[in-house]
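Geometric and topological summary
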Amino acid sequence: MDGHRFFIGGEWVEPIGAECVEICNPANGTLLGTARLGAAEDADRAVAAACTAFDSWSRTSVDERLAVLHRMRATFDEIAPEIEAHLTREIGLTAMVAGGQSAMCRSHFDSIFKILPNYDFVQPNDGFELAREPIGVVVAITSWNAPVSQMLCKAVPAIAAGCTVVVKPSELAPLCGLLLAQAMERADIPPGVFNLLNGRGVDCGRRLVEHPDVDMVSMTGSVTGGGAIAAAAAGTIKRVHQELGGKSANVLLPDADFATVVPKSVLGCMMNAGQVCAAPTRLIVPRDRFEEVAALAVAAAERVVVGPPDDPATTFGPLSNQAQFDRVTRTIEIAIAEGQPLLTGGAARPDGLAEGLYLRPTIFGPVARDAGI
């Protein structure tokens, strides 16, 4: 796939940045395509297009915005099967998870279709009027594990409110965003309302965040990235909204239905090969019930089907990229070296999967509270 152009100001433009990255299928290492990464100058160009469009877009009526959003939804529906297939190839989502991502994308539109027609942008308030106005140019920085859904969950409400948007996907998953931009182009969005460029956080992303003409940043990603964005945005006192990768604990009290809850928790943890911010990666259980919980958890993990993500029987595909694979492998190895009890899995490849970024579903326990894992 050709990832060598950006969608800015309603046109496909040649990037100024010269750096190019290869994107490989995590299931087998085959080359999917290459993508150019933007420079600070590309960020400036995208922001300028969004600023120009904001002047007129912010004054559109609700009906005008709804008409554009319905066209966006229609063109997304047309391209959704291609996007799902590409999510499987580019980041290793199983067919089930990729289909779930499409459903989430549709839900972002559907929520706005329910809210926007009756939303009171001007409301009486103790003798005064409270007016809600579009904030301006919104930069959307998205994660690699659910890229298309993340783009739309930020862009759709912003556009509905009368804002214009600049989307920067993760450089680890840059191609699927270009497919989405193709769909948005077909929706006949006014030029500059939706812009998309690829780039690294340290240069292109940083310029977007600190740009004086950007009014808000919405970011999904790591805690480290969130800290960098907050610091870069501080100089211009812009709004910053962050959804950082939390990992949740399931707490099981003695009267819980362990036979039901433990397998569900394990399967929830293993969805998308564990690469979900809401994955319940810890079970906190009564000490005297540990052996029971361990047996249930191990049995559930060993029922997980590891394999190629395009196989309908697979429930646990490859890790999405080499950096993620290396990080998870290293984490498992450190836990073993620390003496944390390994109940199932480990850092070895699953049987029969000699290539690709595959690991075994892995459970440790009981884990010391001060353990690195």
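The structure reproduced in this document is the subject of the present report.

What counts and how
- Residues numbered from 1 in each chain as written.
- Predicted model: local features only at pLDDT ≥ 70, side-chain atom pairs only at ≥ 80, totals over all residues.
- Heavy atoms only, no water.
- Salt bridge = Lys/Arg side-chain N within 4 Å of Asp/Glu carboxyl O.
- Helix = DSSP H or I, 4+ residues; strand = E, 2+ residues; numbered from the N terminus.
- Pairing = 2+ DSSP bridges.
- Contact = heavy atoms within 4.5 Å.
- Axes fitted to C-alpha atoms, helices over the stretch in contact; angles between N-to-C directions.
- 1 Å grid on protein atoms, 1.4 Å probe; cavity = no way out; pocket = protein on both sides within 12 Å on 5 of 7 lines; lining within 4 Å.
- Points joined across faces, edges and corners; volume = space filled by probe spheres on them.
- Nonpolar A, V, L, I, M, F, W, Y, C, P; charged D, E, K, R; others polar.
- Phe/Tyr/Trp six-rings, centres within 6.5 Å; stacked < 30°, edge-to-face > 60°.
- Buried < 20%, exposed > 50% of the residue type's maximum accessible area, 1.4 Å probe, protein only.
- Lys NZ or Arg CZ within 6 Å of the ring centre and 35° of its normal.

**Topic: the pattern of salt bridges**
- Considering all chains together, one arrives at twelve salt bridges under this definition.
- In this structure, R45 and D42 form a salt bridge, with 3.1 Å as the shortest nitrogen-oxygen distance. Here R45 pairs with D42, and both are found in helix α1 (residues 40-57), just three residues apart, close to one helical turn.
- Look at the salt bridges and you will find they share partners, linking R73, D77, R106 and D110 into a network.

**What to know about the sheet that holds strand β1 (residues 2-3)**
- Strand order across the open sheet formed by three strands is β1-β5-β4, with mixed pairing between neighbours. Edge positions in the sheet fall to β1 and β4 (20-24), since each of these pairs with one other strand and no more.
- The sheet strands contacting helix α5 (residues 175-186) are β1, β4 and β5 (31-36), and the helix crosses β5 at an angle near 75°.

**Examining the layout of surface pockets**
- If you add up the space inside the second largest pocket, you get close to 620 Å³.
- Sorting elements by how many residues they give to the lining of the second largest pocket places helix α4 (residues 147-160) first, with six residues.
- Broken down by class, the residue content of the lining of the second largest pocket amounts to 15 nonpolar, four polar and five charged.

**Observations concerning the packing of aromatic side chains**
- According to the stated counting rule, one finds three aromatic pairs in the structure shown.
- Aromatic side chains F7 and W12 sit 5.2 Å apart centroid to centroid with 50° between the ring planes, which places their arrangement in the tilted category. In this pair, the class of F7 matches that of W12, namely buried.
- Taking the ring centre of F121 as reference, the NZ or CZ of R65 above it sits at 5.6 Å.
- Between the NZ or CZ atom of R289 and the centre of the ring of F258, over which it lies, the distance is 3.9 Å.

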